Amino acid sequence: MSADQPFPPGFLWGTATSAYQIEGSPLADGAGPGIWHGFSHRPGAVVNGDTGDRACDHYRRLPADLDLMAELGLTAYRFSVAWGRVLPNGTGRVNAKGLDFYQRLVDGLLERGIQPMLTLYHWDLPEALEARGGWLNPDSARWFADYAAMLYEALDDRVGLWVTLNEPWVSTVLGYLSGEHAPGRRSLAEPPRVAHHQLCAHGEAVAAYRELGRHQIGISLNLEPQHPATDSPLDWEAAKRRHHFINRWFLDPLLRGQYPDELAVIFGSNWPRFPVEDLRRIAAPLDFLGINYYSRGLIRHDPTQIPCAATRITPPERRLTAMDWEVYPEGLTETLLWVKQRYGDLPLYITENGAAFDDAAPVGNQVQDPDRVDYLRTHLAAARAALEQGVDLRGYFAWSLLDNFEWAEGYAKRFGLVHVDHATQRRTLKASAQYYRDFILEGELTGEKRK
Ligand code: FCB
């Protein structure tokens, strides 16, 4: 790759969002509530009692937000569908008005030359399905595949990239082990079953896509290197356990057809025997893998921490984001190379990468966010380094387009390239948005012009 052609032709430049984090109007036009609606309204569940009731009001400001994406020069946009908006009961009857919103979104993107990447599940299960046991119910795989099939029929003529699940590790561990996310359960026995059912749902949705779809389908996983905090053998062992737990729990069954043996050790008697037939279906070939990368884990041995006896420390001497996540761009290259080396050549997308910082309020039309500019610059260089070492990377999606509802952190943490004043909903491009726009445009100047 020559210096004046830093990324290959056709490389996608996007931003990513998710439905509950930006849309607002969770019950509008006949939508059924999702689990995040109930969870965020529980006292104490979210910082400052924030909810997604208004979020970025994207549901009502769609045309203006589409224009904003065009202004940024994006060639792709990753969003998620709120399951309950299109199927208020989770299964069965389609809500035409909810589906119409996503039709308008997809059409609006295509009119602006922006390729849609649609995520089917970004953590907001319909409440009606939670009432039937949610992801603990083995029927969830069928519910999900039917929902997916309905969307393939409605949108596959215009959507070329489909993502089944976003970060099932996070929705399993934070939703069912630590209870920090919806549905807020704390159990050691449930996570292995929930993860398995989500993987089965993924497998069934891929199988349905092979019948109904004509483009590409994959999954987005959160991956990060796990490094020992010291040279002590105990910390080394702890870092290895966390690595199996975070990086291999989902990738091994998806791409090698079996769970890592180490998980049975980590979960002990809570690790069930899973049917071989399920694993065969989970390992259905993927068209691409989406990787969400934010930081690395710096790990200490800690027997009080279940189930890994490992804890992630915050290194005070390193640069941290507002989430207290270390800024560690090298880890992106390391992760991409590790995936290639362990799982072979599979087209990859960075489906999320970004950082929260305590940005200053806008002054006039400007928001200076030098830390985020630096984060973007160094992570883009890290992505490029992986490309130069032969990784088949096809695109990059910055998290996130807008400052939005950051789950249990509410609106306190700002990840956007575009600043949102949550009282007035005014949008202001941050310096990082301008940096990203110029970066994308420069690609065009060097002969990678998009149509
Ligand atoms: C990821 C989530 C995304 C956002 C970022 C900061 O884990 O997929 O919704 O919250 O973290």
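Up top is the structure these notes are about.
The notes below deal with the structure included here. (Residues numbered from 1 in each chain as written. Predicted model: local features only at pLDDT ≥ 70, side-chain atom pairs only at ≥ 80, totals over all residues. Heavy atoms only, no water.)

With that settled, the discussion passes to the overall build of the protein. Tallying secondary structure elements over the protein gives 15 helices and 13 strands in all. Against the 2.2 N^0.38 benchmark of 22 Å for 451 residues, the protein shows a C-alpha radius of gyration of 21 Å, consistent with a compact globule. Across its three principal directions, the C-alpha atoms of the protein cover 55 × 55 × 45 Å. For the protein, buried positions account for 62% of its 451 residues. Taking contacts inside the protein between residues at least 6 apart in sequence as the whole, the part at least 24 apart equals 76%. With the model as given, the accessible surface of the protein reaches about 17,100 Å², and the carbon-plus-sulfur share is 51%. (Helix = DSSP H or I, 4+ residues; strand = E, 2+ residues; numbered from the N terminus. Rg over C-alpha atoms; globule rule 2.2 N^0.38 Å. Buried < 20%, exposed > 50% of the residue type's maximum accessible area, 1.4 Å probe, protein only. Contact = heavy atoms within 4.5 Å. Areas by Shrake-Rupley, 256 points an atom, 1.4 Å probe, with all protein chains shown as cover.)

Attention shifts here to the sheet that holds strand 1 (residues 12-16). Spatially, eight strands are ordered 1-2-3-4-5-7-10-11 in a closed barrel, and the strand pairing comes out parallel. Here the strands of the sheet are splayed against their neighbours by 25° on average, with no regard to which way each runs. Inspection of the sheet shows strand 3 (residues 115-121) paired to strand 4 (residues 161-166) by four bridges, in the parallel sense. When the bridges of strand 4 are listed, threonine 119 appears paired with valine 163. The sheet strands contacting helix 9 (residues 190-212) are strand 4 and strand 5 (216-222), and the helix crosses strand 5 at an angle near 160°. (Pairing = 2+ DSSP bridges. Axes fitted to C-alpha atoms, helices over the stretch in contact; angles between N-to-C directions.)

Near the ligand, the surroundings consist of Gln21, His122, Trp123, Asn166, Glu167, Tyr294, Glu352, Trp399, Glu406, Trp407 and Phe415. Within the side chain of histidine 122, a nitrogen or oxygen atom sits 2.8 Å from an oxygen atom of the ligand. The side chain of glutamate 352 places a nitrogen or oxygen atom 3.0 Å from an oxygen atom of the ligand. Isolated, the ligand exposes 290 Å² of accessible area, and the fraction of that covered by the protein chains is 94%. Tallied by class, the residues present in the shell around the ligand amount to five nonpolar, three polar and three charged. (Near = heavy atom within 4 Å. Polar contact = N/O pair within 3.5 Å; in protein donor to acceptor, adjacent residues only side chain to side chain. Nonpolar A, V, L, I, M, F, W, Y, C, P; charged D, E, K, R; others polar.)

A separate point is the sheet that holds strand 6 (residues 226-228). Reading across from one edge, 6-8-9 is the order of the three strands in this open sheet, with mixed pairing throughout. Each having just a single partner strand, strand 6 and strand 9 (310-312) make up the two edges of the open sheet. For this sheet, the mean inter-axis angle between neighbouring strands, taken without regard to orientation, is 45°. Two elements, strand 8 (residues 297-301) and strand 9, share three bridges in a ladder whose sense is antiparallel. The residue of strand 9 that forms the bridge with histidine 301 is alanine 310. Against the sheet, helix 10 (residues 233-256) contacts strand 6, strand 8 and strand 9, and its axis sits at roughly 125° relative to strand 8.

As a further point, take empty space enclosed by the protein. Going through the model one piece at a time under the given rule, you end up with seven cavities of 30 Å³ or more. Around the largest cavity, the lining is made up of 16 residues, and of these Tyr20, Pro26, Ala82, Arg85 and Asp124 lie nearest the centre. Only helix 1 (19-22) and helix 4 (83-86) provide two or more residues apiece to the lining of the largest cavity. By residue class, the composition of the lining of the largest cavity is seven nonpolar, six polar and three charged. (1 Å grid on protein atoms, 1.4 Å probe; cavity = no way out; pocket = protein on both sides within 12 Å on 5 of 7 lines; lining within 4 Å. Points joined across faces, edges and corners; volume = space filled by probe spheres on them.)

Taken as a whole, the largest pocket spans an internal volume of roughly 1,100 Å³. Considering the residues around the largest pocket, the lining is formed by 40 residues, among which Trp169, Leu174, Glu180, Arg312 and Trp325 are closest to the centre. Residue assignment for the lining of the largest pocket shows that the elements contributing at least two residues are helix 8 (168-176), helix 10 and strand 9. Take the lining of the largest pocket: its biggest share by element is four residues, from helix 8. A breakdown of the residues in the lining of the largest pocket according to their chemical character gives 22 nonpolar, 10 polar and eight charged.

With that settled, consider the pattern of salt bridges. Oppositely charged side chains can pair when the atoms bearing their charge come close. All chains considered together, the criterion is met by 36 salt bridges. A salt bridge links arginine 104 to aspartate 100; its shortest N-O distance comes to 3.0 Å. Taken together, the residues arginine 104 and aspartate 100, both in helix 5 (residues 96-111) and four residues apart, mark about one turn of the helix. On the basis of relative accessibility, which here comes to 39%, the residue arginine 104 falls in the partly exposed class. For aspartate 100, a relative accessible area of 36% translates into the label partly exposed. Here aspartate 403 and lysine 430 are joined by a salt bridge, their closest N and O atoms 2.8 Å apart. Here aspartate 403 is found in the loop between strand 11 (393-399) and strand 12 (418-420), whereas its partner lysine 430 is found in the loop between strand 13 (427-429) and helix 15 (431-445), with 27 residues between them in sequence. The network of salt bridges with common partners includes Asp359, Asp369, Arg372, Asp403, Arg414 and Lys430. (Salt bridge = Lys/Arg side-chain N within 4 Å of Asp/Glu carboxyl O.)

As for its placement among the helices and strands, aspartate 124 is situated in the loop between strand 3 and helix 6 (127-130). According to the relative accessible area criterion, aspartate 124 is buried, its value standing at 13%. Along the primary structure aspartate 124 and leucine 66 are separated by 58 residues, whereas in three dimensions their C-alpha atoms are 23 Å apart. Look past the residues within four positions of aspartate 124 in its chain and what remains in contact with it is Tyr20, Gly34, Ile35, Trp36, His37 and Trp83. Within the structure, aspartate 124 has its side chain in polar contact with the backbone nitrogen of tryptophan 36 (distance 2.9 Å).

Glancing now at the nonpolar core. Grouped together as the largest cluster of nonpolar side chains are 130 residues, with contacts concentrated most on Trp36, Trp83, Tyr102, Phe144, Trp162, Phe245 and Trp249. At 10 residues, the largest contribution of residues to this core is made by helix 7 (residues 140-155). Ignoring sequence-local partners within four residues, the contact set of tryptophan 162 consists of Leu118, Leu120, Leu151, Tyr152, Leu155, Asp156, Tyr209, Gln216, Ile217, Gly218 and Phe288. Counting 18 residues, the second-largest nonpolar core is a separate cluster that includes Ala16, Leu161, Val327 and Ala355. (Core = buried A, V, L, I, M, F, W, Y, C linked by side-chain atoms within 4.5 Å.)

This next bit is on the packing of helix 3 (residues 62-71) against helix 5. The contact between helix 3 and helix 5 brings their axes to 10 Å, and the two run at 30°. As the angle between them shows, helix 3 and helix 5 are arranged roughly parallel. As for how helix 3 packs across helix 5, the hand of that crossing is right-handed. Contacts between helix 3 and helix 5 involve Leu62, Leu66 and Met69 on the former and, on the latter, Phe101, Arg104, Leu105, Gly108 and Leu109. (Parallel < 35°, antiparallel > 145°, perpendicular 65-115°, else oblique. Left-handed = near helix turned anticlockwise from the far one by under 90°.)

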